[in-house]
Amino acid sequence: QVQLVESGGGLVQAGGSLRVSCAASGNIFRIIRMGWYRQALGKERELVATITSGGATNYADSVKGRFTISRNNAKDTVYLQMDSLKPEDTAVYYCNAFAYSRSYTSKDYWGQGTQVTVSS
């Protein structure tokens, strides 16, 4: 199994910044892609940003220019720097990793989520 542990969520005023981190551990052979999704109350889970092991990134239109995803491959850790936060960014943020385990099976893994609340 692969475990994902998020940290860094919290409460911030609109216009402020937060950084969330996610560290992967466990039966990891190779992590192909890591990313962040979010789910606001009463809404579907949605993509925020992803990054491949080669550094290719993908962002939701709603966060482009405000959020930056980065990754430390040596530490199997992904970061999401969130700037110019808006109240509509309020959600539980979930870390995701698509990885091969040492048994060479691949699947999506999810963290337990970290709450980000942006006050107006």
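Position numbers for residues count from 1 along each chain, tracking the sequence in the order it is written. At least 70 in pLDDT is required for a residue's local features to be given in this predicted model, at least 80 for side-chain atom pairs to be given and counted, and no such filter applies to totals for whole chains, interfaces and linings, which use all residues. Water and hydrogen atoms play no part in the side-chain values, which are based on all heavy atoms of the structure.

J.: Mind laying out the nonpolar core, listing which residues take part and the relevant values?
T.: Residues Leu 4, Met 34, Trp 36, Leu 80, Met 82 and Tyr 93 are the most contacted members of the largest nonpolar core, which totals 31 residues. Helix and strand definitions follow DSSP, with helices as H or I runs of at least four residues and strands as E runs of at least two, each counted in order from the N terminus. Secondary structure elements with two or more residues in this core: β1 (2–7), β3 (18–26), β4 (28–39), β5 (46–52), β7 (67–72), β8 (77–82), β9 (91–101) and β11 (114–119). Residues are treated as being in contact if the distance between any of their heavy atoms lies within 4.5 Å. Apart from the residues within four sequence positions on either side, Leu 80 is in contact with Leu 18, Arg 19, Val 20, Trp 36, Val 48, Ala 49, Phe 67, Thr 68, Ile 69 and Tyr 93. Nonpolar core, defined: a set of buried Ala, Val, Leu, Ile, Met, Phe, Trp, Tyr and Cys residues in which side-chain atoms within 4.5 Å join the residues together. A simple rule labels every residue: compare its accessible area, found with a 1.4 Å probe on the protein chains alone, to the largest value its type can have, and call it buried under 20%, exposed over 50%, or partly exposed in between.

J.: How would you summarise the state of the cysteines if you had to cite specific residues and measurements?
T.: Criterion for a disulfide: a pair of cysteine sulfur atoms within 2.5 Å. Counted under the stated rule, the structure contains 1 disulfide. Each disulfide pairs two cysteine sulfurs, and for Cys 22 the partner residue is Cys 95, the sulfurs being separated by 2.0 Å. Every disulfide takes its handedness from the sign of the S-S torsion; for Cys 22 and Cys 95 that torsion is -80°, giving left-handed. Here Cys 22 is found in strand β3, whereas its partner Cys 95 is found in strand β9, with 73 residues between them in sequence. The class of Cys 22 is buried, set by a relative accessible area of 0%.

J.: For the pairing of β3, give the residues involved together with the corresponding values.
T.: One bridge is not enough; two strands pair if DSSP finds at least two bridges between them. Examined bridge by bridge, β1 and β3 share 6 bridges and lie antiparallel to one another. Residue pairing across strands places Gln 3 opposite Ser 25, the latter belonging to β3. Of the pairings in the sheet, the one linking β3 to β8 comprises 6 bridges and is antiparallel in character. Bridging across to β8, Val 20 finds its partner in Leu 80.

J.: Describe the packing of aromatic side chains, naming the residues involved and giving the relevant values.
T.: The aromatic pairing rule takes the rings of Phe, Tyr and Trp, using the six-membered ring of Trp, and pairs them if the centres are within 6.5 Å, calling planes under 30 degrees apart stacked, those over 60 edge-to-face and the rest tilted. Under the defined criterion, the tally for this structure stands at 3 aromatic pairs. With a centroid separation of 5.1 Å and 70° between ring planes, the pair formed by Tyr 37 and Trp 110 is classed as edge-to-face. A residue pair is termed long-range when its members are at least 10 positions apart, and Tyr 37 in strand β4 and Trp 110 in strand β10 (residues 106–110) qualify at 73 residues. In this scheme, Lys NZ or Arg CZ marks a charge over a ring once it lies within 6 Å of the ring centre and within 35 degrees of the ring normal. The ring centre of Tyr 94 lies 3.7 Å from the NZ or CZ of Arg 45, which sits over that ring. Positioned above the aromatic ring of Trp 110, the side-chain terminus of Arg 45 is 4.8 Å from the ring centre.

J.: Would you mind going over a nonpolar patch on the surface in detail, with residue names and values included?
T.: Residues Phe 29, Tyr 100 and Tyr 104 make up a contiguous nonpolar surface patch of about 340 Å² in total accessible area. The topology assignment puts Tyr 104 in the loop between β9 and β10. Patch criteria: residues need more than 30% relative accessible area and no salt bridge. Like-charged residues are merged within 9 Å; nonpolar side chains of Val, Leu, Ile, Met, Phe, Trp and Tyr are merged within 5 Å. The accessible surface values rely on the Shrake-Rupley method and a 1.4 Å probe; as for residues, cover is taken only from the protein chains in view. Each reported salt bridge corresponds to a side-chain nitrogen of Lys or Arg within 4 Å of a carboxyl oxygen of Asp or Glu.

J.: Describe the pairing of β4, listing the residues and the values that go with them.
T.: Two elements, β4 and β9, share 10 bridges in a ladder whose sense is antiparallel. Directly across from Met 34, in β9, lies its bridge partner Ala 97. Where β4 folds back on β5, the antiparallel hairpin that results is connected by 6 residues, among which Gly 42 adopts a positive phi of roughly 80°.

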